[in-house]
Amino acid sequence: MSQTKLFEPFKLGPIALPNRLVMAPLTRNRAVPPGMVPSPLAVDYYGQRASAGLLITEASQVSQQGQGYQDTPGIYSKEQVEGWRKITDRVHEKGGRIFIQIWHVGRVSHTALQPGGGKPVAPSAIRARGKTFVNGTFTEISEPRALELSEIPGIIDDFKRGTENALAAGFDGVEIHGANGYLLDQFAKDGTNKRTDVYGGGIENRAKLMLEVSKAVAAVAGPERTGIRISPVTPANDVSDSNPQPLFDYIVDGLDALKLTYIHVIEGATGGPRDNARFDYASLRKRFSGAYVANNGYDFDLATKVLEAGAADLIAFGKPFISNPDLVERLKQGAPLNEWDKATFYGGGAKGYTDYPTLAAAQAAE
C-alpha cells in the first residue's frame, strides 16, 4: 500500500508536503457566535488531522455579507484572526501545513445573516432554489439583489483583507473559493449572471471577478501560496452554465498567467456523481503549470489510479477525513476506516467532530 504515489512527498511551491493527500475544506458550522470565531474544539479538530499533506480549512467568510450559513467562521475581525492563530499554531506544532479557504457566498444566504437584515447579494437578482442552515434549521434561501458596479471593488478588497488576516493568523497559504455556486462561480456562469455591464455577457466578462479576486489575493499572499477551488459542472446551489468547457479553459488560462500554486477541481457534481456532465478535465491540467488537486468521490484505489496516470498531483479527501483523523496512516496500512455520522456534520460540539478514534486508540480499546 505505502509504495503508491499517494504517499510520496510533493513540492507545492515553497512548501514540502510529506504526502499527496489533501484534506478538503469541510463546512462544520461550529464557530462561536456572535463573533464567528473558530471554537477551541477546532484547534483539536485540525491538530488531529495534521498528518495530511495539506489541510484546507472550512470556508471562512471575508465579510459579514459573505456569510451564508449559521456558525461559519470569518477572517475579517481581530478576534477571528486570534482564534485561527491558535489553530495554525497547533497544526504547525504537529508538523502540519494549513491553508485557509476564503469565500463570499453571494446569493446563497438568508436575510437573518446579512448586515441590517438586508438582502444577500448576487451578480443578478435571481433567487437560488435550495436551502441554507440558519437559526438551527434548514430554511429557504432569501431573494438576492444584484450588486451595483460601484460595490464590486469593495468585494475584491474584502478578499484582499481576508488574505492579509490569514497571513497574520499564521496560515501557510490561501485557497479562494470559486466553486459550488458561491459568489465567484455565480459571476462566472451564465445561468446566474445576466448582467449587461463589464461583468456580464461573454466569457471574458463573466470570468473577470474570479480572476480579479485571484490577482488581488496572489498580490498579498504571493502566487506560490495561493490556490483556488473551481467546479466546472456542479449543479450545487442551483448554478449552471450553458457551455462550461470554454469558460473554464479561459479561467484556467487566466489563473495560469497569475502563476497560482494550484487549482482544486471538483470533478462532476459536488458530493454526487462524477459523470453528471461531459467535461474534459485533462484540458485544465494541460493549461495549468501549477499543481492539479483532484476532488470528488476519491478513495484509495481511484486516487492511486489517477496519480499513477499523471492526471493529478494531489488528491483531496473530504468525508473520510471527518471520521478518520489519521486517514493517511489508515490508508497506508490498508486498515478499515471509521464510518462517518451525517447527523453530526453540521453544528454541535465534540460528538462527530473531535471524538473519532485513531487506529491506535481503537486497537488499544479492543
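Residues numbered from 1 in each chain as written. Predicted model: local features only at pLDDT ≥ 70, side-chain atom pairs only at ≥ 80, totals over all residues. Heavy atoms only, no water.

Under an unreviewed UniProt entry, the name given to the chain is Alkene reductase, and the organism recorded is Bradyrhizobium archetypum. Regarding the chain, the UniProt comment filed under Sequence similarities (unreviewed entry) reads as follows: "Belongs to the NADH:flavin oxidoreductase/NADH oxidase family." The Cofactor (unreviewed entry) comment attached to the chain in UniProt states, word for word, "FMN". (UniProt positions renumbered as here; feature names shortened; annotations may be inferred.)

Ranked by size, the top nonpolar core spans 78 residues in total, and within it Leu6, Tyr46, Ile315 and Phe317 carry the most contacts. Sequence-distant contacts of Phe317, that is, excluding residues within four places in its chain, are made with Leu6, Leu21, Val22, Met23, Ala24, Tyr298, Asp299, Phe300, Ala303, Leu327 and Leu331. Ranked by size, the runner-up nonpolar core spans 14 residues in total, among them Phe10, Leu54, Ile56 and Ala291. (Core = buried A, V, L, I, M, F, W, Y, C linked by side-chain atoms within 4.5 Å. Buried < 20%, exposed > 50% of the residue type's maximum accessible area, 1.4 Å probe, protein only. Contact = heavy atoms within 4.5 Å.)

Glancing now at helix α6 (residues 244-257). When the terminal C-alpha atoms of α6 are compared, their 20 Å separation across 14 residues agrees well with the 20 Å that a helix rising 1.5 Å per residue should span. Looking at α6, one finds that the buried residues are Pro244, Leu247, Phe248, Asp249, Ile251, Val252, Gly254 and Leu255. On the buried face of α6, the contacting elements are α4 (183-188), α5 (203-221), β11 (226-230), β12 (262-266) and α7 (281-287). After α6 finishes, the residue Lys259 shows a positive phi value of roughly 65°. (Helix = DSSP H or I, 4+ residues; strand = E, 2+ residues; numbered from the N terminus. Expected span 1.5 Å × (residues − 1).)

Residue placement: Val217 occurs in helix α5. Residue class for Val217 comes out buried when judged on its relative accessible area of 0%. Counting along the chain gives 45 residues from Val217 to Asp172, while the straight-line C-alpha distance between them is 13 Å.

All right, on to the packing of helix α1 (residues 40-48) against helix α2 (residues 78-93) then. Interaxial distance between α1 and α2 falls to 8 Å at its minimum, and their mutual angle equals 30°. The pairing of α1 with α2 is recorded here as roughly parallel in orientation. Crossing handedness for the pair α1 and α2: right-handed. Note on element contacts: α2 touches α1 through Trp84, Lys86, Ile87, Arg90 and Val91, opposite Ala42, Val43, Asp44, Tyr46 and Gly47. Within the contact of α1 with α2, the residues separate by chemical class into six nonpolar, one polar and three charged. (Axes fitted to C-alpha atoms, helices over the stretch in contact; angles between N-to-C directions. Parallel < 35°, antiparallel > 145°, perpendicular 65-115°, else oblique. Left-handed = near helix turned anticlockwise from the far one by under 90°. Nonpolar A, V, L, I, M, F, W, Y, C, P; charged D, E, K, R; others polar.)

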